[in-house]
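Observations on the three-dimensional arrangement
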Amino acid sequence: MPACCSLLPRYMAATTQPHHQRLPPRAALPVINLGRLGKDDDPASRALVVQDIARACRDRGCFQVINHGVSKSVMKGALEAASAFFELPVEHKEELASDDIRQPVRYERSSRDGISLARSFLKHYANPLEDWIQCWPANPPTYRKKMGEYAAEIHRVSMHLMEAILQGLGLGPSYLEQKLDKGVQFVAVNNYPQFSHQGDKVGLAAHSDYGFLTILLQSSPGLQVMHHDDDAWTAVPVIPGALHVHVGDQLEVLSNGRIKSLVHRAVLNPHEARISIASIHGLAMDEKVHCAEELVDKQHPRMYRGSSFQDFLDFLPLNINKYKRFIDSIKIDDKA
Ligand SMILES: O=C(O)CCC(=O)C(=O)O
Ligand SMILES: [Fe+2]
C-alpha cells in the first residue's frame, strides 16, 4: 500500500484488499423475503419483515431482497439491453456523452468523475418514466422497452421498501409518500471490463450514493460493501433473482444518523466483463431532505444540515480526486 494511503479515509486506504473471493469470512449479508410486506398481508407477518429491514439498515447498511415481485425475465431483459447498448460502436454511444452532469441522459467512458477508474456508464432519469423514456437511447431498439419495464418495477419496489424503512424508524409508512412517489429515480447502467490478472483491480472507487435507497442488479460478482463499523470489504454475492439494496446519504440525514449510508465500490471480475444497474431513489431535485423532527431531541441533536440533489450535484465537481464524502460536508459541527 502506498504510504499516502494512510492519510486517506479508511475506505479509500483499503483499496488494495485481496480479491472479493478471498475476503475474510464475516456474518453473511442479510437476505430478506419481501413476500409478506404487502399492505394486505397479515400485520404481524408484515411487522416481522419491517423489523428485519430496520435491523439490516442499522447493522449492515444493506441487504438483498427476494420475492420482490420483479420477474426474472424483466431483470434479464434489463441486463441484456444494457449489454447490447455497451456493445454498440463507440461513436453511437459518444452521441450521448456530455460534460454536463445535469443532462438527463449521459454516457461517459473516461474517469473524469475521479471514481470511475475502469467503468463506462450510461446514466438516465427514470421517474416519471413517461417524462424521460423518449430521451433514452433509441439504440439498441429494445433498450427503452426492456429498461423501462425494469425501471418501473424497481420504482414500485423502492416505494414498498421506503414504506417499511420509514415505519421501522417510527415515522409511519405514509411519511413522505407523495414526495417519494414523485421523487427522482436515477438509473446508472455500469459496464466494467474483465480483469484476469493477479489481485484486485478497482473499477469504481469507494463512495456512498446520494438518495434514500439504491437498488442494484449485478450480472456477476464485483460489488463490495463496507459499513461504518467494518474494517474490511465484504463481497456482495450474486443470488439468482435477488436484488441488492443499500442505504444512501438522504436516509442517513432523514434518520438523523440512526441509519448510516453505505460505502461501497466495484472491483473488476476476473472471469467476465460485468454489468450493474444501480437505481437511486430520492426526493425531487430541488427538495431538501432534513433530519425528521420526530427523531431530533435532547439526546439526539440534529446532526446534518438540509440538502437536495442539486446541492449534491454542485458538490461533485469541487470534490474530484479529493475523496471527500458529501455527507461529511453537511454534518453539523457541534463544537463550532
Ligand atoms: O457496479 C457496482 O456494483 C456499483 C455501482 C455503483 O455503486 C453506482 O452506480 O453508484
Ligand atoms: Fe454507488
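Within any chain, residue numbers begin from 1 and follow the written order of that chain's sequence. Written order decides the labels, with chains lettered from A and ligands numbered from 1. The model is predicted, so local features are restricted to residues of pLDDT at least 70 and side-chain atom pairs to those at 80 or more, both for listing and for counting; the totals for chains, interfaces and linings are taken over all residues. Working from all heavy atoms in the structure, the side-chain values ignore hydrogens and water.

The criterion, for reference: UniProt positions are given in the numbering used here, feature names are shortened, and annotations may be inferred rather than shown by experiment.
For the protein chain, the name recorded in an unreviewed UniProt entry is Fe2OG dioxygenase domain-containing protein, with Eleusine coracana subsp. coracana as its organism. Turning to the protein chain, the UniProt record has this under Sequence similarities (unreviewed entry): "Belongs to the iron/ascorbate-dependent oxidoreductase family."

1. Comments concerning the sheet that holds strand β3 (residues 105–108)
Condition: Two strands form a pair only when DSSP identifies at least two bridges running between them. For helices the rule is a DSSP run of H or I covering at least 4 residues; for strands it is a run of E covering at least 2, with both sets numbered from the N terminus onward. Angular values range over 0 to 180 degrees, each being the angle between N-to-C directions of two axes fitted as lines to C-alpha atoms, with helices fitted over their stretch in contact. Residues are treated as being in contact if the distance between any of their heavy atoms lies within 4.5 Å.
What the eight strands build is an open sheet, ordered β1-β2-β10-β7-β12-β5-β4-β3; its pairing is mixed. If you trace the sheet from one side to the other, it starts and ends with β1 (31–33) and β3, each paired once. Adjacent strand axes in the sheet meet at a mean angle of 20°, parallel and antiparallel pairs treated alike. As judged from the nine bridges shared by strand β5 (residues 184–192) and strand β12 (residues 274–282), these two strands associate in the antiparallel manner. Note on β12: the bridge partner recorded for Y192 is R274. Each of β1, β2 (62–66) and β10 (243–247) is contacted by helix α2 (residues 43–59), which is oriented at about 160° to β1, the strand it contacts most.

2. Re the site of ligand 1
Under the convention used in this document: By convention in these notes, a residue is near a molecule or strand provided one of its non-hydrogen atoms lies within 4 Å of it. Within 3.5 Å is the distance limit for a polar contact, defined as a pair of N or O atoms, with the added protein rule that one can donate a hydrogen and the other accept it, and that residues adjacent in sequence qualify only through two side-chain atoms. Accessible surface area values rest on a Shrake-Rupley calculation with a 1.4 Å probe, where residue burial reflects the displayed protein chains alone.
Around ligand 1 there are 14 residues in total, and N190, Y192, H264, R274 and S276 lie nearest to it. The separation between an oxygen atom of ligand 1 and a polar side-chain atom of S276 is 2.7 Å. In isolation ligand 1 offers 290 Å² of accessible surface; the protein chains occlude 96% of this area. For the shell around ligand 1, the secondary structure elements donating two or more residues are β5, β6 (202–207), β11 (263–267) and β12.

3. Considering the UniProt feature "domain: Fe2OG dioxygenase" (unreviewed entry) in the protein chain
UniProt annotation of "domain: Fe2OG dioxygenase" (unreviewed entry) refers to residues 183–283 when read in the numbering used here. Summarising residues 183–283: 6% helix, 46% strand, and an end-to-end C-alpha distance of 4 Å.

4. Here's the deal with the packing of aromatic side chains
Applied cut-off: Any two of the Phe, Tyr and Trp rings considered here, Trp counted by its six-membered ring, make a pair once their centres fall within 6.5 Å; the pair's planes then place it as stacked at under 30 degrees, edge-to-face at over 60, or tilted in between. Think of it in three bands: residues with accessible area under 20% of the maximum for their type are buried, residues over 50% are exposed, and the middle band is partly exposed, with areas taken using a 1.4 Å probe on protein chains only. Two limits define a charge over a ring: the Lys NZ or Arg CZ must be within 6 Å of the ring centre, and within 35 degrees of the ring normal.
According to the stated counting rule, one finds 12 aromatic pairs in the structure shown. Considering the side-chain rings of F85 and Y107, the 5.9 Å spacing of their centres and the 70° angle between planes classify their relative orientation as edge-to-face. Pair noted here: F85 is in helix α3 (residues 72–86) and Y107 is in strand β3, with a separation of 22 residues, a long-range link. Per residue, the accessibility class of F85 equals that of Y107, and both read buried. On the basis of an interplanar angle of 80° and a centroid distance of 4.9 Å, the ring pair of F186 and F309 is categorised as edge-to-face. Placement of F186 in strand β5 and of F309 in helix α9 (residues 309–318) is noted, with a sequence separation of 123 residues between them. Each of the two residues, F186 as well as F309, counts as buried. One aromatic cluster is present, formed by Y125, W132, F186, Y210, F309, F312, F315 and F326 through successive ring pairs. The positively charged end of K123 is found above the aromatic ring belonging to F121, 4.7 Å away from the centroid.

5. Re the coordination of the iron ion (ligand 2)
Using the following cut-off: Each metal site lists N, O and S donors within 2.8 Å (3.2 Å for Na, K and Ca). With water left out of the atoms, a site can look as if it is missing ligands.
Around the iron ion (ligand 2), the protein supplies H207 (NE2), D209 (OD) and H264 (NE2) as donor atoms, at distances of 2.1 to 2.2 Å. H207 sits in the buried class, given a relative accessible area of 14%. Accessibility expressed as a relative area gives 8% for D209, which makes it buried.

6. What about the nonpolar core?
Short version of the rule: Working definition of a nonpolar core: buried Ala, Val, Leu, Ile, Met, Phe, Trp, Tyr and Cys residues. They are joined through side-chain atoms within 4.5 Å.
In terms of nonpolar packing, the biggest core is built from 76 residues, with I53, Y150, L161 and I277 touching the most fellow members. Top element by residues in this core is helix α6 (residues 143–168). It accounts for 12 residues. In contact with I53, not counting residues within four places along its chain, are I32, L34, L37, F63, L161, A164 and I165. Within the second largest apolar cluster, nine residues are counted, among which are C62, L216, V225 and V236.

7. Quick notes on the pairing of β11
Buried residues dominate β11, accounting for five of its five residues. Burial along β11 is two-sided: the residues V263, R265 and V267 and H264 and A266 are all buried. With three bridges connecting them, β6 and β11 associate as antiparallel partners. Bridge pairing in β11 links V202 to V267. As paired strands, strand β8 (residues 223–226) and β11 are joined by four bridges and run antiparallel to one another. Residue pairing for β11: Q224 is matched across the bridge by R265.

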